[in-house]
Amino acid sequence: AAVAAAEGKPEMPAAVQTVDFDVSPSAAMGTLTDFESYPTFLPELKQARILHQEANAWEVQFTLQMIRPLVYTLRLHQPSPLALQWSLVEGVFRANAGGWVLQPIDDGARTAARYTIEIQLGMFVPANIIRSLVSEDLPRTMSRFKAEVERRVR
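Chains are numbered independently. Their residues run from 1 in the order of the written sequence. In keeping with the model being predicted, local features are shown solely for residues with a pLDDT of at least 70 and side-chain atom pairs are shown and tallied solely at 80 or more, while totals for entire chains, interfaces and linings include all residues. The basis for the side-chain values is all heavy atoms of the structure; hydrogens and waters are excluded.

J.: I tried to follow the sheet that holds strand S6 (residues 93–105) on my own but got confused; where do I start?
T.: Sheet strands line up and pair through hydrogen bonds in the backbone, either parallel or antiparallel. By definition, two strands form a pair when at least two bridges between them are found by DSSP. Numbered from the N terminus, helices here are DSSP runs of H or I no shorter than four residues, and strands are runs of E no shorter than two. With antiparallel pairing, seven strands are arranged side by side in an open sheet as S1-S7-S6-S5-S4-S3-S2. In this open sheet, the two strands that pair with only one neighbour each are strand S1 (14–21) and strand S2 (45–54). Each adjacent strand pair in this sheet contributes to an overall mean axis angle of 20 degrees, direction not counted. Here strand S5 (residues 83–91) runs beside S6; their pairing, made up of four bridges, is antiparallel. Paired with Ala83 across the two strands is Val101, which belongs to S6. It only takes one pair of heavy atoms within 4.5 Å for two residues to be counted as in contact. Only the stretch in contact is used when fitting a helix axis, every axis being a line fitted to C-alpha atoms; angles between N-to-C directions are given from 0 to 180 degrees. Seen against the sheet, helix H2 (residues 25–32) touches S1, strand S4 (69–80), S5, S6 and strand S7 (110–121) and runs at an angle of roughly 160 degrees to S6.

See below:
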C-alpha cells in the first residue's frame, strides 16, 4: 500500500476479520453461498441476484444502499469446501476482491472463519467514510453473518 501511495495511485483499503461460528464448516458455507438471502440479514444490501451459476461458481449482482444505490457484480467461486473467493466483474468499484476461509474447530462442531476484502472505489469517498466502513461496518457485518449462520442451525 505504501508503494501505491508513493506512486500517486489511490490506496486499496484492505481488511481482515475473523469470526467463530458455532456450526460446522459445511453449515457455515451453506449460508455464505446463499447469496440471494443476504438482504434478509444485511440491511444495507437491497438486492442480491444470481445472474449465472455453474458448479461451485456464481456471478451475482448486488445492490448496496449507501447514500445512493451502488450496483456491482462479483464472480464468486468455491475452490474447496472450506473456501469462497470473489473478484469484481463490473460496477461502482474499481476493485473488489476477497474471500472466506473456513477452518473446522472442536472436531468440526464449530468453525473459525477468516474474511478478507480489498476494495477500491471508482469514485471519491472521504477517508473518514472508508475508515468507518472498515472499523465499524465490517465488524457489524461479521456479527450479522454469525447470527444468520447460527440461526439456520437452530
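Picking up where we left off.
J.: Quick question: what am I supposed to make of the pairing of strand S3 (residues 57–65) here?
T.: Successive residues of a regular strand alternate their side chains across the two faces of the sheet. Summarising burial for S3: seven of the nine residues are buried, a large majority. In textbook terms, the turn of a hairpin is the stretch between consecutive antiparallel strands, and for S2 and S3 this stretch comprises two residues, one of which, Asn56, has a positive phi near 55 degrees. Both S3 and S4 contribute to a ladder of nine bridges, which runs antiparallel. Within the sheet, the bridge partner assigned to Thr63 lies in S4 and is Val71. Hairpin remark: S3 followed by S4, antiparallel, with three residues in the connecting loop. The buried label applies to any residue whose accessible area, calculated with a 1.4 Å probe on protein chains only, is under 20% of its type's maximum; exposed applies above 50%, and partly exposed to all values in between.

J.: Could you clarify how one ought to interpret the nonpolar core in this entry?
T.: General note: in soluble globular proteins, nonpolar side chains tend to be found buried as a group. In this text, buried Ala, Val, Leu, Ile, Met, Phe, Trp, Tyr and Cys residues form a nonpolar core when linked through side-chain atoms within 4.5 Å. Residues Tyr38, Phe62, Leu76 and Trp100 are the most contacted members of the largest nonpolar core, which totals 36 residues. No other element matches the five residues that S7 contributes to this core. In this structure, Phe62 is in contact with Tyr38, Leu45, Gln47, Ala48, Leu70, Val71, Tyr72, Leu74 and Leu76, ignoring residues within four places of it in sequence.

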